[in-house]
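One-letter residues, chain by chain:
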Amino acid sequence: MADFSIMKTHEFLVTPLGLELIGRAEPDDATGGASISRSAKSVQMALNRNRNRNRNRNRNRNRNRNRNRSDIGAGPDWGILEPWEERAKLYELRAEWMDLPLPLPPSLPELREHATELLKKQALLSLPQYAGRRGEIRIEAELELSRYLRPYGIESHGGYDATIGLILVTMALTDEIGLYFKDRWNVPRPNQVEPRLRPYLAAPAHASYPSNHAFQSFAVAFVMSRLLPEHPGSVQLFLSARRIAENREWAGVHYACDTGAGHKLARMILPVLEKVLEKNMLAAQAEWF
Amino acid sequence: MKPYSIRRKQDALWHLVATGILTSTHQPDDWSVDEIVKPARVAMIDTSVAMDHPNLCGAINRSRAFDLFSTRLGAFPGLSGQDSIGAQGWGDAQALVAGLPGCKALLQALTARLAPDQSPHHGTIQPAASPVFSAHGTAIAGLIGARPARVAYATSHIDGPPDGTLPLPYCGADPTCEIVPISTSFDPDPEQMILAFLYADLVEADVIVLPRGIDDPFRSEPQLHAIDWLGQPLGELVTPASVPDRDRELWSELAELIIKISHRRPVICAAGNAHEEYGIYPANLASDDNGVISVGALNAKGWPCSYSPEAGLTVWAPSSDAEQFDSGEVRLDPERLKETDLGVPDENDNHKYSDFGVIATDVPGRGGYSASDFDTAEPVDGIREYGSYFCDFGGTSAACAIVAGFMALGRGLGRIPAPADGIAAKAWLLSQSRPVRADLPNVIVPHLGGGVFQPADP
């Protein structure tokens, strides 16, 4: 139950420098108020404004520091050093993620049914009104960061290096994890099951289930959902991830079940990623709070 | 020797004094802890919470804390290391799901998952409840039900009282309630939110608080679905990803479920932080015939915060203000105006701006909104600073958390009778709410005892 005697002897005041703990009592008070009376014990508290509105506008005003657009570049220059430390931590915690309960992949007859849905998408994709989706598929064949940065409005602004770095490290680690799970079941790609499928992109040489595009994209979305839950971009990032994953179905290189498995795996592995990437996430968070 | 100190200071608990919960000396205002009939239970659907925060550890119901972020049918982060969840005495939600087949199936699955012999975690999946990334939930929990606390401190860092404990004189609106955190992600997934609301009902919460929106593809921006464009609703045309038929049904059922639950227990929702017309979803479900409570934000001067929605809200409560500089309103910080007043029209609302923040609990140490300068984990033998344990919070999230604590206190004190349903509880809240200004009769603010909100910013 609440002990209001503490409130009788002490109070917090907010100053421009932070929170100040004040003893209400006179210096000879026996409760201990004396030793901290009228002295500010900490100015650690940054006066943050947590509000999921117009955050970017304010951030950009304050955070451009000495950077300009060319410091980060329009895309090709984005990159990270090999994340050896994070990989080491990931394998230190291997017991926590190698046996996550991803459902068994569908059987071959079921996959053939799924492939029929992809044939329908293939037929639609050739229509003129799907030119936009074709363009997206081509762009997303390689790592393309704008889909992840645009929801937060940081696609073309400096000052978010740690956030971008976090996304890249998440991508790198989940790429490797995804390959591990793919290898377990070795599910054939859709065009191996349904020869009438003509994938819009070359099917990668590794197995189909789960979709790494889905897994990686949703993993970024779940990480950012922990980091910035109140930012409207965090919801949009999930939708963006789903679009990227579904585009791989439209391209004929993944079944819908691969997308679903990528989403499930990303959700389940988040608590592990949170441990592995704690430093990276904290550095990224500092760019927003 | 008395050190020089900063003259400009604000009471960190002004929001509780202004709403009649505490006196100016931070004592219960015409109520007492001894009068609590039964501590109220608040189900908080938000992010995870830093459960070990010294001001929160007495408030959080660890055995019922539930995480839906990483585990589909939920996990118990507070029971890690136990073999089973044990008999917890769940309520009966069957009547809620009548006519809602999707919810009924999910309730069945959830009920099976909550059997006493079930493991706290689902297989190898861990809950996503690291305190480090629990800032939002920690702030909300503190505004609702933090307790004053004493905590051991490191003498090498703090010159504190001789008994070795530092007082942390902070509390929430109801420092006697218990909080059941139900943590969720922001994945727009109707199933997750249905399970969260069902669980809130199963724990028989006296109050449910939702300091967030729900991104229902059809109800978040309903006007887009009313626009016919190229033969389709515009909302359907612009959706980035397909919405499966099952999810369409579940989104509809969720909206019905929230209203049904609100008839049993009040559902307190943040109204939004961007002047949304009638508030965000599901705050915009609030109406006279249900128990959904939509909460707007009011600054320390007693003006609606610049960002707060206005139409269709139930009540307003204290929060931090923000600047606005557009055709809707010009409300700027006087500090900025000292630097430049370029473009500021003569007719403006600058006098309405308040720089008073609402102080909430924060993740101790490295994480949270106000991170510690120390780059290492918090020491177990005593804190090195207390600044990182609190933060300046805001938005209608803060306002709805204060209202949730206010209602919990009303329930705990028996002022809301125990059998009262959501609508009766809402009626009590309205009976305690008064306009702050004669020219804004609809902007009503709760005040315990039925007084009038007292502006803290002169």
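Read on for a plain summary of the structure. (Residues numbered from 1 in each chain as written. Chains lettered and ligands numbered in written order. Predicted model: local features only at pLDDT ≥ 70, side-chain atom pairs only at ≥ 80, totals over all residues.)

### Focus: the overall build of chain B
At step 1: Scanning chain B from terminus to terminus reveals 10 helices and 18 strands.
At step 2: The globule rule puts the C-alpha radius of gyration for 458 residues at 23 Å, and the 22 Å found for chain B is close to it.
At step 3: Here chain B, with 458 residues, has 57% of them falling under the buried criterion.
At step 4: Sequence separation of at least 24 residues holds for 72% of the intrachain contacts in chain B that already meet a minimum separation of 6. (Helix = DSSP H or I, 4+ residues; strand = E, 2+ residues; numbered from the N terminus. Rg over C-alpha atoms; globule rule 2.2 N^0.38 Å. Buried ≥ 20, exposed ≤ 12 C-beta atoms within 10 Å, placed from the backbone. Contact = placed C-beta atoms within 7 Å.)

### Describing helix α3 (residues 135-145) of chain B
Residues and elements named next belong to chain B.
At step 1: Across the 11 residues that make up α3, a large majority, 11, are buried.
At step 2: Residues Ala135, His136, Gly137, Thr138, Ala139, Ile140, Ala141, Gly142, Leu143, Ile144 and Gly145 constitute the buried set of α3.
At step 3: Close packing links the buried residues of α3 with β2 (41-46), β6 (178-183), β7 (207-210), β15 (358-361), β16 (390-393) and α9 (395-412).

### Some words on the sheet that holds strand β1 (residues 10-15) of chain A
At step 1: One open sheet holds the 3 strands; their spatial order is β2(A)-β1(A)-β1(B), and the pairing between them is antiparallel. Two strands in the sheet have a free side with no partner beyond their single neighbour: β2 (18-23) of chain A together with β1 (10-11) of chain B.
At step 2: As defined by bridge partners, β1(A) adjoins β1(B) across 2 bridges and the pair is classed as antiparallel. Each bridged residue has a counterpart across the sheet, and for Leu13(A) the counterpart in β1(B) is Asp11(B). (Pairing = 2+ DSSP bridges.)

### Here's the deal with the sheet that holds β6(B)
Within a sheet, each strand pairs with its neighbour through backbone hydrogen bonds, oriented either parallel or antiparallel.
Residues and elements named next belong to chain B.
At step 1: Pairing in this open sheet of 7 strands is parallel, and the strands run β3-β6-β2-β7-β10-β11-β12 from one edge to the other. For this open sheet the edge positions go to β3 (66-67) and β12 (315-318), each flanked by a neighbour on one side alone.
At step 2: Set on the sheet, α3 makes contact with β2, β6 and β7; between it and β2 the angle comes to about 155°.
At step 3: Each of β2, β7, β10 (267-270), β11 (292-298) and β12 touches α9; the most contacted strand, β11, lies at about 125° to it. (Axes fitted to C-alpha atoms, helices over the stretch in contact; angles between N-to-C directions.)

### Here's the deal with unusual backbone geometry
At step 1: Cis geometry is found at the peptide bond from Tyr209(A) to Pro210(A), where omega equals -5°.
At step 2: With respect to the element layout, Pro210(A) can be found in the loop between α10 (190-193) and α11 (212-227).
At step 3: Cis geometry marks the peptide bond from Tyr281(B) to Pro282(B), where omega comes out at 5°.
At step 4: Tracing the chain through its elements places Pro282(B) in the loop between β10 and β11.
At step 5: Here Tyr278(B), not a glycine, exhibits a phi torsion of approximately 65°, which is positive.
At step 6: By the secondary structure assignment, Tyr278(B) is in the loop between β10 and β11.

### Thoughts on the packing of helix α9 (residues 161-185) of chain A against α11(A)
All names here are of chain A.
At step 1: Where α9 meets α11, the closest approach of the two axes is 9 Å, and the angle between their N-to-C directions is 140°. Classified by the angle their axes make, α9 and α11 are oblique. As for the relative orientation of α9 and α11, their crossing is right-handed in sense. In contact with Leu166, Ile167, Thr170, Met171, Thr174, Asp175 and Gly178 of α9, α11 contributes Asn212, Phe215, Gln216, Ala219, Val220 and Val223. (Parallel < 35°, antiparallel > 145°, perpendicular 65-115°, else oblique. Left-handed = near helix turned anticlockwise from the far one by under 90°.)

### Brief notes about the environment of Cys171(B)
At step 1: Position of Cys171(B) relative to the elements: it lies in the loop between β5 (165-168) and β6.
At step 2: Aside from chain neighbours lying at most four places away, what touches Cys171(B) is Ala2(A), Ala146(B), Arg147(B) and Pro148(B).

### Description of the interface of chain A and chain B
At step 1: If you look at the interface, chain A gives 67 residues, while chain B gives 74 residues.
At step 2: Of all the elements in the fold, those that place two or more residues in the side of chain A that touches chain B are α1 (5-9), β1, β2, α2 (33-36), α11, α12 (232-250), α13 (256-276) and α14 (278-286) of chain A.
At step 3: In terms of residues, the side of chain A that touches chain B owes the most to one element, α12(A), which gives 8 residues.
At step 4: Broken down by class, the residue content of the side of chain A that touches chain B amounts to 33 nonpolar, 15 polar and 19 charged. (Nonpolar A, V, L, I, M, F, W, Y, C, P; charged D, E, K, R; others polar.)

### Considering helix α6 (residues 108-125) of chain A
Residues and elements named next belong to chain A.
At step 1: The terminal C-alpha atoms of α6 lie 25 Å apart, and with 18 residues this matches the ideal 26 Å at 1.5 Å per residue to within 8%.
At step 2: All of the buried residues in α6 are Leu111, Ala115, Leu118 and Gln122. Each buried residue of α6 sits inside an arc of 55° when the element is viewed along its axis, so together they form one side. Exposed side chains of α6 directed beyond 90 degrees from the buried face belong to Pro109, Thr116, Lys120, Ala123 and Leu124. (Expected span 1.5 Å × (residues − 1). Arc of directions from axis to C-beta.)

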